[in-house]
2 protein chains.
Amino acid sequence: MKFDIKVKFYNEEPSFGKGVAELMRHCQKLGSLSKAYKAMGMSNSKAWKILKRAEEDLGFELVNRSIGGNNGGGSTLTEQGEQLLKKYDLYMQRLEEYSQSLFEEIFDE
Amino acid sequence: MKFDIKVKFYNEEPSFGKGVAELMRHCQKLGSLSKAYKAMGMSNSKAWKILKRAEEDLGFELVNRSIGGNNGGGSTLTEQGEQLLKKYDLYMQRLEEYSQSLFEEIFDE
């Protein structure tokens, strides 16, 4: 037997989870939101949808949109976005460690 | 900010989670699967679908189906079903405690 844990953070409606976090992580690394969703094999519309939904629900911007420029513009994480991603990663890492050892303790006979 | 955790247990495809566990808990209390899904406001077809999917994926029966009888028959949990539900409840209780204190530690400033 295996287990799977999904965590969403939110104010009103579950909005910030694995998908948005991965999108932001790619964006941080690649410097562009379009490079980020392409690298993930995610559609343009899906990427914008989950990002906007999270930003609207959380009440702050996660990604800075810069328009134009010589290289077509790039996207970076906002200060608040960066902080949230850091906390999310820490939370998930600790939760995964705990849930795995709990699983072994309770389910392994 | 709040958070929401969803856990599924499974072999091949996430199949056993909150819904099936609640259905089983009601069935244990009420002695009948039909009373159980009615008490939960769940449809007959949904209840059977999630129960069968979990049983097929896990490879054992969770609920004994008795047919007929003076009171139309009842349903009880199988021994394996009872064991699984007990472990699930323990796992979820401990995970909820941990995830809540972790949330306060990491997200509360």
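Our subject is the structure that appears above.
Residue numbers restart at each chain and count upward from 1, following the sequence in its written direction. Chain letters start at A and ligand numbers start at 1, both assigned in the order the entries are written. Reporting in this predicted model follows two pLDDT cut-offs: at least 70 for local features of residues, and 80 or more for side-chain atom pairs to be given and counted; totals over whole chains, interfaces and linings ignore these cut-offs and use all residues. Only hydrogens and water are set aside when side-chain values are computed; all heavy atoms of the structure are taken into account.

As for the overall build of chain A
Numbering of helices and strands runs from the N terminus; a helix is a DSSP stretch of H or I covering at least four residues, while a strand is a stretch of E covering at least two. Summing up its helical and strand segments, chain A has four helices and three strands in all. Oriented by its inertia axes, the alpha-carbon framework of chain A measures out at about 60 × 30 × 25 Å. Here chain A, with 109 residues, has 41% of them falling under the buried criterion. Note on areas: Shrake-Rupley with a 1.4 Å probe; residue coverage comes only from the protein chains shown. About 6300 Å² of surface is accessible on chain A, with carbon and sulfur atoms providing 47% of the total. We score Asp and Glu as negative and Lys and Arg as positive, and we do not count His or the chain ends. The atom standing in for a charge is NZ when the residue is Lys, CZ when it is Arg, CG when it is Asp and CD when it is Glu. On chain A, the mean spot of the 16 positive side-chain charges and the mean spot of the 17 negative ones are 9 Å from each other. For each residue, the accessible area found with a 1.4 Å probe, counting protein chains only, is set against the maximum for its type, and the residue is called buried under 20%, exposed over 50%, and partly exposed in between.

Section: the interface of chain B and chain A
Contact with chain B, which involves 27 residues of that partner, is made by 27 residues of chain A. The term buried area refers to how much accessible surface (probe radius 1.4 Å) is lost by two components on association, counted for both of them together. Taking both sides of the interface into account, the surface hidden between chain B and chain A amounts to around 2900 Å²; carbon and sulfur atoms contribute 63%. Whenever a carboxyl oxygen of Asp or Glu lies within 4 Å of a side-chain nitrogen of Lys or Arg, that contact is scored as a salt bridge. Across the pair Arg94(A) and Glu105(B) runs a salt bridge, and its minimum N-O distance is 3.0 Å. Distance and chemistry together define a polar contact, namely a pair of N or O atoms within 3.5 Å, with one atom able to donate a hydrogen and the other to accept it when in protein, and with adjacent residues in sequence counting only for side-chain atoms on both sides. Here chain B and chain A share 13 residue pairs in polar contact (both at pLDDT 80 or more) between them. Looking at the side of chain B that touches chain A element by element, the count peaks at 14 residues for helix α4 (residues 79-107) of chain B. All residues other than Ala, Val, Leu, Ile, Met, Phe, Trp, Tyr, Cys, Pro, Asp, Glu, Lys and Arg, Gly among them, are scored as polar; the first ten of these are nonpolar and the last four charged. Residue classes in the side of chain B that touches chain A are distributed as 17 nonpolar, two polar and eight charged. Whether two strands pair comes down to DSSP finding at least two bridges between them. Relative to strand β1 (residues 2-10) of chain B, strand β1 (residues 2-10) of chain A is paired through nine bridges, and the arrangement is antiparallel. Should any heavy atoms of two residues lie within 4.5 Å, those residues are counted as being in contact.

Some details on the relation of the copies chain B and chain A
The two copies are related by a screw operation: chain B maps onto chain A through 180 degrees of rotation and 0.0 Å of translation along the axis, at an RMSD of 0.0 Å. Interpreted geometrically, this transformation is the action of a two-fold axis. In terms of C-alpha distance to the rotation axis, chain B has Lys6(B) as its closest residue, with the C-alpha 2.5 Å off the axis. The overlap is high: 100% of the interface residues of chain B also sit at the interface in chain A, so the same surface is used on both sides. To line up the copies, we fit them by least squares on C-alpha atoms, keeping just the residues with pLDDT of at least 70 in both.

By themselves, these are just geometric observations and shouldn't be taken as functional.
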